[in-house]
Amino acid sequence: MLKLTLLPLVIMDTKGLSHIDDHNAPAMVNVSEKQITLRTATARSIVTVSDEILSQIDDQGDIQSKKGSVFHTAIIAGTMAAKKTGELIPLCHPIGMDGCDLVIEIKNKEIVILCTCSVKAKTGIEMEALTGASVAALTIYDMCKALSHDIVIKETRLISKTGGKKDFQHHE
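Parameters at a glance
Residues numbered from 1 in each chain as written. Predicted model: local features only at pLDDT ≥ 70, side-chain atom pairs only at ≥ 80, totals over all residues. Heavy atoms only, no water. Helix = DSSP H or I, 4+ residues; strand = E, 2+ residues; numbered from the N terminus. Expected span 1.5 Å × (residues − 1). Buried < 20%, exposed > 50% of the residue type's maximum accessible area, 1.4 Å probe, protein only. Arc of directions from axis to C-beta. Contact = heavy atoms within 4.5 Å. 1 Å grid on protein atoms, 1.4 Å probe; cavity = no way out; pocket = protein on both sides within 12 Å on 5 of 7 lines; lining within 4 Å. Points joined across faces, edges and corners; volume = space filled by probe spheres on them. Nonpolar A, V, L, I, M, F, W, Y, C, P; charged D, E, K, R; others polar. Polar contact = N/O pair within 3.5 Å; in protein donor to acceptor, adjacent residues only side chain to side chain. Pairing = 2+ DSSP bridges. Axes fitted to C-alpha atoms, helices over the stretch in contact; angles between N-to-C directions.

Caption draft 1: Geometry of helix α4 (residues 126-144). With 19 residues, α4 extends 27 Å from end C-alpha to end C-alpha; this agrees with the ideal 27 Å at 1.5 Å per step. Within α4, the full set of buried residues consists of E128, A129, L130, T131, G132, A133, A136, A137, T139, I140, M143 and C144.

Caption draft 2: How the structure looks around helix α2 (residues 70-83). Given a rise of 1.5 Å per residue, 14 residues ought to cover 20 Å, and the 20 Å separating the end C-alpha atoms of α2 matches this to within 8%. Restricting attention to buried positions, one finds in α2 the residues V70, F71, A74, A77, G78, A81 and A82. Buried residues of α2, seen end-on, are gathered within an arc of 130° and therefore sit on one face of the element. Away from its buried face by more than 90 degrees, α2 exposes H72, I76 and K83. Those residues of α2 that are buried lie in contact with β2 (64-65), β3 (68-69), α3 (85-88), β4 (99-107), β5 (110-121) and α4.

Caption draft 3: Region of interest: the layout of surface pockets. Quantified by volume, the second largest pocket comes out at close to 170 Å³. Those elements giving two or more residues to the lining of the second largest pocket turn out to be β2 and α4. By residue class, the composition of the lining of the second largest pocket is three nonpolar, three polar and three charged.

Caption draft 4: Inspection of the side chain of T131 at higher detail. Among the secondary structure elements, T131 is positioned in helix α4. A distance of 2.8 Å separates a polar atom in the side chain of T131 from the backbone oxygen of M127. Residues within four places of T131 in sequence aside, it is in contact with A81, A82, T85, L88 and I89.

Caption draft 5: Representation of the sheet that holds β4. Read from one edge to the other, the open sheet built from five strands follows the order β4-β5-β1-β6-β7, with strand pairing classed as antiparallel. The open sheet has two free edges, formed respectively by β4 and β7 (168-169), since each of these has just one partner strand. The pairing of β4 with β5 spans nine bridges and is antiparallel. Within β5, the residue paired with E105 across the bridge is V112. Each of β4 and β5 touches α2; the most contacted strand, β4, lies at about 145° to it.

Coordinates in, geometry out; function isn't part of it.
If you want it as structure tokens, here you go:
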């Protein structure tokens, strides 16, 4: 028999969380008073793959599958996802991107995806970059799983952002 235990509602200190209003309810940030500035963000996803998959890399640095070019498809999927971030993440502002660039490189047994997005807007674009990198990684998984399921999407992170209140640069 399944027993469910309800935990008491804990009111956390939400000071500093941008998507929580004064009543601890989810809320979209009001950006109407902010200035329009150029904002950029770069996110990275890392996909670890098996030797079987790596052996399929051709002279062009891509993998050709029955579904087509793996990396070209991942770039298109990442771009499409970045453009739809406001529809996917509930409290994200829908913004029109000015640019979205995805680069895919192979380093050792890892496929490294960098997604850089830019916009002139009142709000940042890091969620678009993170979404683009994530969906590109998922697309690589989808297109390579017929070769091997030994695929790990091991990291998605913000690498840098500019514009807005403060800039950010990840240092490894």
